[in-house]
Amino acid sequence: MLNRRSLLLLAGLGAALSGRAAFARAAAPALMLAEVYRPGMSLAGYWVSEKFDGVRGYWDGQKLWTRGGEPVMAPAWFTASLPKQPLDGELWAGRGRFNHTMSTVRSQTPSDTAWHEIRFMVFDLPAQGGDFNTRLAALRKLLPITDAPWVVAVPQQPATTHEDLQALLDKTVKMGGEGLMLHRGASMYRGERNNDLLKVKPFEDAEARVVAHLPGKGKHHGRLGALMVEMPDGQRFRLGTGLTDAERGQPPPIGSLVTYRYNGTHPSGLPKFARFMRMREG
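In this text the structure is predicted, and so the values were computed from the model without any measurement.

Reading the values: the criteria
- Residues numbered from 1 in each chain as written.
- Predicted model: local features only at pLDDT ≥ 70, side-chain atom pairs only at ≥ 80, totals over all residues.
- Heavy atoms only, no water.
- Pairing = 2+ DSSP bridges.
- Helix = DSSP H or I, 4+ residues; strand = E, 2+ residues; numbered from the N terminus.
- Axes fitted to C-alpha atoms, helices over the stretch in contact; angles between N-to-C directions.
- Contact = heavy atoms within 4.5 Å.
- 1 Å grid on protein atoms, 1.4 Å probe; cavity = no way out; pocket = protein on both sides within 12 Å on 5 of 7 lines; lining within 4 Å.
- Points joined across faces, edges and corners; volume = space filled by probe spheres on them.
- Nonpolar A, V, L, I, M, F, W, Y, C, P; charged D, E, K, R; others polar.
- Buried < 20%, exposed > 50% of the residue type's maximum accessible area, 1.4 Å probe, protein only.
- Core = buried A, V, L, I, M, F, W, Y, C linked by side-chain atoms within 4.5 Å.

Caption draft 1: Layout of the sheet that holds strand β4 (residues 64-66). With mixed pairing, the 5 strands of this open sheet are ordered in space as β4-β3-β5-β6-β7. Two strands close off the open sheet at either side, each with one partner strand: β4 and β7 (151-153). Taking the axes of each pair of neighbouring strands and ignoring which way they run, one obtains an average angle of 35 degrees across the sheet. Across the sheet, helix α3 (residues 98-106) lies against β3 (55-59), β4 and β5 (87-92), angled at about 45 degrees from β3, the strand it touches most. Packing of helix α5 (residues 132-142) onto the sheet brings it into contact with β5, β6 (119-124) and β7, and relative to β6 it is tilted by some 145 degrees.

Below, the structure written as structure tokens:
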């Protein structure tokens, strides 16, 4: 039986561990999230930029966080010259290099070599005040920073017509880009998903939560066959296409969020031709 001293020691240890956990993960920042652009939507007053395939990064003026509230263990030199005001952007290693970005950002022991390949592509100033036109003007004055050339203001240009947008999308994708973003110039910064921010991609994507691992058959015998995932509306479906051998050997854990691509939906709302993209980071 544990005596009073032992119980007090255990209680203290539990409190310390709880404190560490609280320090390690903060509440997720209230970030502006994008809806999907569909042909026919008005482009009047929007800015267009490239959609960078990286990890969302939020600088709160002191520390760097992921979208989910995980601290980013970047080297001290990476953040030393960042301003005291919040920055919203994407940690990005270049087109087609998402895996390098993810492994670098997830590492608890930062590698200078890996981080020298990361850029912080900043697209908004959440605490600046004013509409996006005003915030964009302030961002262009704030960046670049001489001592931190890896911190880059995302190039923005006025959107014009759907045909021009499609041509820019095709050009971007052919160069290895993921897609485009549209940002309404008159919009205030709101930490929610709305049409003030739109993603333009050659396919649709969404997120679902892993609820089960389904065993494989045939060539996948003895490892994962498919993920059973649940959509926000509660509907479930199997997600097996797009998984690599490594991901079948070490699948996304139950409870994690994954991103999948699809081409339209069935009348029930379930996605057509769904294929796994990646586990959502942060």
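This is not the end of the story, as more comes after the structure.
Caption draft 2: Geometry of the layout of surface pockets. By volume, the largest pocket is sized at about 1100 Å³. Lining the largest pocket we find 50 residues, and of these K51, R67, R193, K199 and E207 sit closest to its centre. Secondary structure elements with two or more residues in the lining of the largest pocket: β1 (33-36), β2 (46-51), β3, β9 (179-184), β10 (193-200), β11 (204-215), β14 (257-262) and β15 (275-279). Sorting elements by how many residues they give to the lining of the largest pocket places β11 first, with 6 residues. Partitioning the lining of the largest pocket into residue classes produces 23 nonpolar, 6 polar and 21 charged.

Caption draft 3: Just the pairing of β6, in detail. Most of β6 is tucked away: 5 of the 6 residues are buried. Where β5 and β6 come together, 5 bridges link them in antiparallel fashion. Following the sheet pairing, E90 is matched in β6 by M121.

Caption draft 4: How the structure looks around the sheet that holds strand β8 (residues 157-158). Here 5 strands make up an open sheet; going across it, the order is β1-β10-β9-β2-β8 and the pairing mixed. With one partner strand each, in any of the chains shown, β1 and β8 form the two edges of the open sheet. Pairing analysis gives 4 bridges linking β9 to β10, with the strands arranged antiparallel. Its bridge partner lying in β10, L180 is registered against V200. Along the sheet face, α5 touches β2 and β9 and points at about 55 degrees away from the line of β2. The strands touched by helix α6 (residues 162-174) within the sheet are β2, β8, β9 and β10, with β9 carrying the most contacts at an inclination of about 140 degrees.

Caption draft 5: Quick peek at the nonpolar core. In terms of nonpolar packing, the biggest core is built from 28 residues, with L64, F78, L91, W115, F120 and V151 touching the most fellow members. For this core, the secondary-structure elements that each account for two or more residues are β3, β5, α3, β6 and α5. With 4 residues, α5 is the largest single contributor of residues to this core. Residues contacting F120, with those up to four places away along its chain left out, are G57, W59, L64, F78, L87, G89, E90, L91, W150, V151 and V152. If you look at the next biggest cluster of nonpolar residues, it comprises 14 residues, including L224, L227, M231 and V258.

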